[in-house]
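Remarks on the overall topology
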Amino acid sequence: MIRSLISSPLRTIVSRNLFPAAATATAAAPLPQKTRRFLDTDANQKVYDDFLSKLSPHRRKMFHILNDYRIKNFTQCTNARFLKTIISAVDLNKDNVISKEEYQTLLKNIGAEKQMSKEDMDAIFDELGVGDDKVIPVDFIKKSWEPLLQIVIPK
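Each residue is numbered by its place in its chain's sequence as written, counting from 1. Only residues with pLDDT of at least 70 are given local features in this predicted model, and only at 80 or more are side-chain atom pairs given and counted; all residues enter the totals for whole chains, interfaces and linings. Values reported for side chains reflect all heavy atoms of the structure, with hydrogen atoms and water molecules removed beforehand.

1. Quick look at the nonpolar core
Put simply, the rule is: We call a set of buried Ala, Val, Leu, Ile, Met, Phe, Trp, Tyr and Cys residues a nonpolar core when their side-chain atoms join them within 4.5 Å. Buried, partly exposed and exposed residues are distinguished by accessible area as a fraction of the type maximum, computed with a 1.4 Å probe on protein chains only: under 20%, between the cut-offs, and over 50%, respectively. Under the DSSP-based scheme used, a helix requires at least four consecutive residues in state H or I and a strand at least two consecutive residues in state E, with every element numbered from the N terminus.
Grouped together as the largest cluster of nonpolar side chains are 32 residues, with contacts concentrated most on Met-62, Phe-63, Ile-98, Tyr-103, Leu-107, Ile-124 and Trp-145. Elements with a minimum of two residues in this core: α3 (42-53), α4 (57-73), α5 (79-90), α6 (100-109), α7 (118-128) and α8 (138-149).

Okay, here's the thing in structure tokens:
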């Protein structure tokens, strides 16, 4: 589990939900009550829909995997805290870039290694990777997720 990668003081934080859960609902299925609570305003729904529309199918698949993990293991955290925790867990050597190996380790630690194919992973790294090593800069991830961090979660 991802919790083994994070120090004890953060374990409480790591076991909490963050991002809106609408990513797991299909277009034909109504959103679960828990999701509607997060996306209870038109503004939040628009931000969320715009965010998803800008993701490639492979990146959307990764978002769904992270969102499923969030729903099962996280509660009452801010979106920013979840993103920071996930980035800390995936960027193991703290070099501010995500390699395929680090990405695979994250998937394994959250129990999702079978949900993401090698082709999906290659497509993500071909799309977002920089340099000969095709690594993804952490700053790019933070910037691309910025719209989700603006969603206001009702109390």
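2. Some thoughts on the packing of aromatic side chains
Operational definition: Pairing of aromatic rings covers Phe, Tyr and Trp, the last through its six-membered ring, and needs centres within 6.5 Å; plane angles under 30 degrees mean stacked, over 60 mean edge-to-face, and all others mean tilted.
Within this structure, the stated rule accounts for five aromatic pairs. For the pair Tyr-103 and Phe-125, a centre-to-centre distance of 5.4 Å together with 85° between the ring planes defines the contact as edge-to-face. Of this pair, Tyr-103 sits in helix α6 while Phe-125 is found in helix α7, placing the two residues 22 residues apart along the sequence. On the basis of relative accessible area, Tyr-103 is assigned to the buried category, the value being 7%.

3. A closer look at unusual backbone geometry
Non-glycine residue Lys-94 carries a positive phi angle of around 55°. Relative to the helices and strands, Lys-94 is located in the loop between α5 and β1 (97-98). Here Lys-94 falls in the exposed class, since its relative accessible area comes to 52%. Of note in the backbone geometry, Asn-96 takes a positive phi value of approximately 65° without being a glycine. Inspection of the secondary structure puts Asn-96 in the loop between α5 and β1.

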